[in-house]
Amino acid sequence: MTNQFSHLKKLSAMRSGKNIKFFTPAVYSGGWCPMRGACNIVEGIEGLSYLMVCMPECATHSRSLNSLPEGPHGEKRWLYVLDANEVIFGCREGVMEALRTMDREGAKAILMIATCVTDLIGEDFEGMIHEVQPELHAKLTYVTLGQFKNFGTPMGTAKVGTALAALVKPCSRRREKLVNVLFIEAWRAKGSPVKFPLIVKALEERGISVRRLTSDASLEDYENAGDAAFNLVISAYMEPMASALEEKTGQPALPLHNAFRVEEIDRAYRELEERLGISLEGAFDGWRKKALELEERARRELKGKKFVTMVEVDMPLALTEYLSSLGMEPLLVDVEDVLPEDLMWKKKLNEAGIDPPVCHIMNLDQDVLAVRDQLKPDIAFSYLNEPVPGLPVAEQMTDFFGITGYERTVGILRRIFAVLETGKMEEGGFDLYGPAPI
């Protein structure tokens, strides 16, 4: 690390997202505001309304992306804009009256979204719910998303998931052949299909019912989620939701998202078979064989290769731990926000003697040049606005968001080898849903 970047902290010093430094001083005010991601999630859930409590700037930003105050099924998408008096003395009475109005207008359930100023003044949304909920038919829940506490999408999405867990109704009976799949994408384009790992199809082919708890589900799906045998987690964003459901309903969680090594995937699938009383034999033979071949090749050919992770890389610390176990050396890790699970990956990396600098990358076009010229990695993982000569980059790593299992391992390793060999990814990308590659 050159003197230019000596201000960056090492991974071992990371405690939360708030003490991660920017890569360079050339930044702009704010990244992806978690408030906007929360609205985007709720707008996809049929039957769920929201009340965003905010300042005029937040209201303008929200309405610029969605100008409709009502959803296609009568959902309310309302904004409560604080006046100067409420900024000083609080907005309790006004917000509770707005909730009463939404209830009279027919809202079935309401997520209150608190933004920066309400978070700064310490408005008590939990107290509001406790006071006004007995008067309402609509079920209330809330999330605080001041950006000074939540830098970007990851923690904001995780908090929304946890808030949605509050809508799940108590259930005394479990359906042994039903599982919930927890997966929320904050920025999925409306109408675009939700990607699921191949394990979901394999379960359904074996008579297992799968309830998909996504940003494309319904309020009813969330309300009834308590009757599933357990929760499959296929995104790190949903680990906090799984923990909240385990505490509330007693449903155990089975995380699939954090298994990269073939042996870890084997172990997770064996546990899945035992819990459901099924056999996955033959379901992934081709994918598993290819994943083993690529891991063996990686241990031979990737040892000592230096890499960086930059923007739009899902689970950057988990990916760093996996690649490091294959002998690669991380020079820099961009961490958009710190999820609870990230502290586990930090511990694993540090116990292995691996302690790269961590940062926030905001001005990508300039920062990527500094990475190329001063860090000189063998490969970078990042989204790019345009190709950067002299920097081999594995792009579109969000292809693997929500994808787990052998197919993800195959996809990542094939992408790495293609970039190292040719300087670019395979033509046409990687088909996660086609037959297992030869």
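Before any of the text, the structure's been laid out above.
Residues numbered from 1 in each chain as written. Predicted model: local features only at pLDDT ≥ 70, side-chain atom pairs only at ≥ 80, totals over all residues. Heavy atoms only, no water.

**Q** It is not clear to me how the overall build of the chain should be interpreted in this structure. Could you clarify?
**A** When its secondary structure is counted, the chain shows 16 helices and 13 strands. Taking 2.2 N^0.38 as the reference for a compact globule, 438 residues should give roughly 22 Å; the C-alpha atoms of the chain span a radius of gyration of 23 Å, in line with that estimate. Its C-alpha atoms put the chain at 65 × 55 × 40 Å along the principal axes. In the chain, once contacts between residues fewer than 6 apart in sequence are set aside, the share between residues at least 24 apart is 73%. For the chain, the computed accessible surface area is about 18900 Å², with 50% contributed by carbon and sulfur atoms. Taken together, the 51 basic and 64 acidic charged side chains of the chain have centroids lying 3 Å from each other. (Helix = DSSP H or I, 4+ residues; strand = E, 2+ residues; numbered from the N terminus. Rg over C-alpha atoms; globule rule 2.2 N^0.38 Å. Contact = heavy atoms within 4.5 Å. Areas by Shrake-Rupley, 256 points an atom, 1.4 Å probe, with all protein chains shown as cover. Lys, Arg positive; Asp, Glu negative; His and termini not counted. Charge placed at Lys NZ, Arg CZ, Asp CG, Glu CD.)

**Q** Where do I start with the side chain of Glu239 in this structure?
**A** Mapped onto the elements, Glu239 comes out in helix H10 (residues 239-249). Buried within the structure, Glu239 lacks any salt-bridge partner; Arg275 is the closest side chain of opposite charge, at an N-O distance of 10 Å. Excluding its chain neighbours within four sequence positions, the residues that come into contact with Glu239 are Val233, Pro255, His257 and Glu341. (Buried < 20%, exposed > 50% of the residue type's maximum accessible area, 1.4 Å probe, protein only. Salt bridge = Lys/Arg side-chain N within 4 Å of Asp/Glu carboxyl O.)

**Q** What is the right way to look at the environment of Met155 in this model?
**A** With respect to the secondary-structure elements, Met155 resides in helix H7 (residues 153-165). In this structure the C-alpha to C-alpha distance between Met155 and Gln251, which are 96 residues apart in sequence, comes to 23 Å. When sequence neighbours within four positions are dropped, the list of residues in contact with Met155 reads Asn150, Asp337, Val338, Leu339 and Pro340.

**Q** Whenever I open this one, the nonpolar core confuses me. Can you help?
**A** Across soluble globular proteins, you tend to see nonpolar side chains buried next to one another. Of all hydrophobic cores here, the largest spans 110 residues; its most connected members are Ile113, Ile199 and Leu203. Of the residues forming this core, the biggest block, seven residues, is contributed by helix H16 (residues 406-422). Discounting residues that sit within four places of it in the chain, Ile199 has contacts with Leu256, Tyr269, Leu272, Leu280, Phe284 and Thr404. (Core = buried A, V, L, I, M, F, W, Y, C linked by side-chain atoms within 4.5 Å.)

**Q** What is the right way to look at the sheet that holds strand S10 (residues 329-334) in this model?
**A** Sheets are built from strands that pair by backbone hydrogen bonding, the pairs being arranged parallel or antiparallel. An order of S11-S10-S9-S12-S13 is seen for the five strands of this open sheet, with the pairing classed as parallel. With one partner strand each, in any of the chains shown, strand S11 (358-359) and strand S13 (393-394) form the two edges of the open sheet. Relative to S10, strand S9 (residues 306-309) runs parallel, the two sharing four bridges. Looking at S10, one finds that Phe307 is bridged to Pro330. (Pairing = 2+ DSSP bridges.)

**Q** How do you make sense of unusual backbone geometry when you look at a structure like this?
**A** In most cases, non-glycine residues show a negative phi, while peptide bonds are predominantly trans. For Glu312, which is not glycine, the phi torsion reads 55 degrees and is therefore positive. Tracing the sequence through the fold places Glu312 in the loop between S9 and helix H13 (316-325). Since its relative accessible area comes to 42%, Glu312 is described here as partly exposed. Despite not being glycine, Lys376 shows a phi value in the positive range, around 50 degrees. Within the secondary structure, Lys376 sits in the loop between helix H15 (364-375) and strand S12 (379-381).

**Q** Help me understand the pattern of salt bridges in this model?
**A** Two side chains that carry opposite charge are able to pair once their charged atoms sit near each other. Tallied over the entire structure, the rule returns 22 salt bridges. Residue Glu295 is joined to Arg299 by a salt bridge in which the shortest nitrogen-to-oxygen separation is 3.7 Å. Taken together, the positions of Glu295 and Arg299, both in helix H12 (residues 285-301) and four residues apart, correspond to about one turn of that helix. By relative accessible area, Glu295 is classed as buried at 3%.

**Q** Just to check I follow, could you spell out the sheet that holds strand S8 (residues 253-255) for this structure?
**A** Taken in spatial order, the four strands of this open sheet run S6-S5-S7-S8, and their pairing is parallel. Here the strands that pair on one side only, and so sit at the sheet edges, are strand S6 (209-213) and S8. Strand-to-strand twist across the sheet, computed as the mean angle between neighbouring axes with direction ignored, equals 25 degrees. Relative to S8, strand S7 (residues 228-233) is paired through three bridges, and the arrangement is parallel. Its bridge partner being in S8, Asn231 is matched across the sheet by Ala253. Contacts from helix H8 (residues 198-205) reach strand S5 (175-182), S6 and S7 within the one sheet, and its direction differs from that of S6 by about 145 degrees. (Axes fitted to C-alpha atoms, helices over the stretch in contact; angles between N-to-C directions.)

**Q** Would you take a moment to explain H7 for this structure?
**A** One full turn of an α-helix is made of 3.6 residues, so residues set three or four places apart face in the same direction. An ideal rise of 1.5 Å per residue puts 18 Å on 13 residues; H7 measures up with 19 Å between its terminal C-alpha atoms. When you tally the buried positions in H7, you get 11 out of 13 residues, the bulk of the element. Burial in H7 covers these residues: Thr153, Pro154, Met155, Gly156, Thr157, Ala158, Val160, Gly161, Ala163, Leu164 and Ala165. Packing partners of the buried residues in H7 comprise helix H1 (34-43), strand S1 (48-54), strand S3 (109-114), strand S4 (139-144), helix H9 (219-223) and H10. (Expected span 1.5 Å × (residues − 1).)

**Q** Explain the packing of aromatic side chains to me, please; I cannot follow it from the model alone.
**A** To describe a pair of aromatic rings, you give the distance between the ring centres and the angle between the ring planes. The full count for this structure, using the stated rule, is nine aromatic pairs. Aromatic pair Tyr269 and Tyr406: ring centres 5.5 Å apart, planes at 90 degrees, arrangement edge-to-face. Of the two residues, Tyr269 is situated in helix H11 (residues 262-276) and Tyr406 in helix H16; the sequence distance between them amounts to 137 residues. You'll find Tyr269 and Tyr406 in the same group, each marked buried. An angle of 55 degrees between the planes, with centres 6.0 Å apart, marks the rings of Phe284 and Tyr406 as tilted. With Phe284 in the loop between H11 and H12 and Tyr406 in helix H16, this residue pair connects regions lying 122 residues apart in the sequence. Look at Phe284 and you get buried, because its relative accessible area is 6%. Among the aromatic residues, those joined into a cluster by ring pairs are Phe183, Phe196, Tyr237 and Phe401. (Phe/Tyr/Trp six-rings, centres within 6.5 Å; stacked < 30°, edge-to-face > 60°.)

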